[in-house]
Amino acid sequence: MSTPLDMNALKARQQAAWASGDYAVIGTTLQLVGERLAEACDLRWDEQVLDVAAGNGNATLAAARRGCQVTSTDYVGELLKRGEERARAERLSNVVFQVADVEALPFQDGVFDAVVSTFGVMFAPDQAQAARELGRVCRPDGRIGLANWTPQGFVGQMFKTLGRHVPPPAGALPPSRWGDEEQLHILFGDAIGSIKVTREHFNFRYRSAAHFIEVFRTWYGPVHKAFASLDGDKASALESDLSQLLNDSNVAQGSALVVPSEYLEVVITRR
């Protein structure tokens, strides 16, 4: 008989991973995705917008630039500080930053016109509970906007590679389920009034595979933690597998590293 998955222990492990390194170094390169999502959600002046698992605030800033009243949340306070620094530099006074867990959002039902997340909520350990919370705090006819890496895309494959070297706890669901349209229907169920799913690509641009790995093992929490947990030959094996994945995915023909990574841009209209 298998031991039930300890969600609290898994969450603590994930929180420690995202708090390690400095995700903001990577996150700022993904700003384009936040801008695209804000347009897809048709965010409008004075709307109340919640960014969940906001990291360093890509979707937060995109919404604030469009005149929305934004609440930016994450369970890693250091990441919110990076978002706050960015908002302050742009003189955006229409943002509130608040530490909050997406699985237990401290807000009343239906108080937001839009709830958004770029590559954030998909990493919540209790995926069904996270989806319920997004639906709960979004008003009827409001929008839930998501950017989620797909299982078959580069980031989905990168996490599979990490998992071969540092296996996740038994029973843990892969974050890339959020990048599967069928699974989104299961997760959100009756909360969906309508759903629009668009396949998009984000291009990672680095000098080389070695450069990408250097940056990610230093700053990107999950990769940083994976390398930190491996010694000698095991770390070298992970580096070799990541290098192969990167070089196989490179579309720059050797002049640099340009790796397209597929993601789903999702806009759900709340029932």
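Thresholds, definitions, all that
Residues numbered from 1 in each chain as written. Predicted model: local features only at pLDDT ≥ 70, side-chain atom pairs only at ≥ 80, totals over all residues. Heavy atoms only, no water. Helix = DSSP H or I, 4+ residues; strand = E, 2+ residues; numbered from the N terminus. Contact = heavy atoms within 4.5 Å. UniProt positions renumbered as here; feature names shortened; annotations may be inferred. Salt bridge = Lys/Arg side-chain N within 4 Å of Asp/Glu carboxyl O. Buried < 20%, exposed > 50% of the residue type's maximum accessible area, 1.4 Å probe, protein only. Pairing = 2+ DSSP bridges. Axes fitted to C-alpha atoms, helices over the stretch in contact; angles between N-to-C directions. Right-handed = clockwise from strand over helix to strand, strands pointing away. Phe/Tyr/Trp six-rings, centres within 6.5 Å; stacked < 30°, edge-to-face > 60°.

Novice: Requested: an account of the side chain of Thr73, with residues and values cited.
Specialist: Take Thr73: it is sitting in strand 2 (residues 69–74). Not counting the four nearest positions on each side in its chain, Thr73 is found in contact with Leu50, Asp51, Val52, Ala53, Ala54, Leu80, Gln98, Ala100 and Phe107.

Novice: Requested: an account of the UniProt feature "domain: Methyltransferase type" (unreviewed entry) in the chain, with residues and values cited.
Specialist: When the UniProt feature table is mapped onto this chain, "domain: Methyltransferase type" (unreviewed entry) is found at residues 50–144. Between the end C-alpha atoms of residues 50–144 the distance is 10 Å, and the span holds 34% helix and 28% strand.

Novice: Describe the pattern of salt bridges, and please don't skip the residues or the numbers.
Specialist: For the structure on display, the rule yields 16 salt bridges. In this structure, Arg143 engages Glu47 in a salt bridge whose closest nitrogen and oxygen atoms are separated by 2.7 Å. With Arg143 in strand 5 (residues 138–149) and Glu47 in the loop between helix 3 (31–40) and strand 1 (48–51), this residue pair connects regions lying 96 residues apart in the sequence. For the pair Arg143 and Glu47, a shared accessibility class is recorded, and that class is buried. Through salt bridges with shared partners, a single network forms among Glu35, Glu39, Arg65, Arg66 and Glu90.

Novice: Outline the sheet that holds strand 7 (residues 257–270), supporting the account with residue identities and numerical values.
Specialist: Spatial ordering of the open sheet is given by 3-2-1-4-5-7-6, a layout of seven strands whose pairing is mixed. Of all strands in the sheet, those with a lone pairing partner are strand 3 (95–99) and strand 6 (192–206), marking the two edges. Here the average twist between neighbouring strands, direction ignored, is 15 degrees. On top of the sheet, helix 9 (residues 209–219) reaches strand 6 and strand 7; it is set at about 115 degrees to strand 6, its chief contact.

Novice: Break down helix 9 for me, citing the residues and quoting the values.
Specialist: Taken as a whole, helix 9 has its buried residues at Ala209, His211, Phe212, Ile213, Val215 and Phe216. Looking at the buried residues of helix 9, the elements they touch are helix 2 (23–27), helix 7 (154–165), strand 6, helix 10 (221–228), helix 11 (232–249) and strand 7.

Novice: Could you give me a rundown of the pairing of strand 5, with the residues and numbers involved?
Specialist: Of all the 12 residues making up strand 5, nine are buried; the element is thus mostly covered by neighbouring parts of the structure. Relative to strand 5, strand 4 (residues 112–118) is paired through six bridges, and the arrangement is parallel. Residue pairing across strands places Ser117 opposite Leu146, the latter belonging to strand 5. Between strand 4 and its parallel partner strand 5, the chain crosses via helix 6 (residues 127–137), and the hand of that crossover is right-handed. With seven bridges connecting them, strand 5 and strand 7 associate as antiparallel partners. Across the sheet, Ala147 pairs through a bridge with Glu265, a residue of strand 7.

Novice: Talk me through the packing of aromatic side chains; I want residue IDs and the actual numbers.
Specialist: Under the criterion given, the structure shown has 21 aromatic pairs. Centroid distance Phe119 to Trp149: 3.8 Å. Interplanar angle 5 degrees. Geometry classified as stacked. Taken together, the residues Phe119 in the loop between strand 4 and helix 6 and Trp149 in strand 5 connect sequence positions 30 residues apart. With respect to class, Phe119 is no different from Trp149; both count as buried.

Novice: Please provide a residue-by-residue account of the environment of Arg86, values included.
Specialist: By the secondary structure assignment, Arg86 is in helix 5 (residues 77–89). In this structure Arg86 comes out as buried when scored by relative accessible area, which is 18%. The spatial distance from the C-alpha of Arg86 to the C-alpha of Leu61 is 8.0 Å, given a sequence separation of 25 residues. Beyond its immediate sequence surroundings of up to four residues, Arg86 is in contact with Thr28, Gln31, Asn56, Gly57, Asn58 and Leu61.

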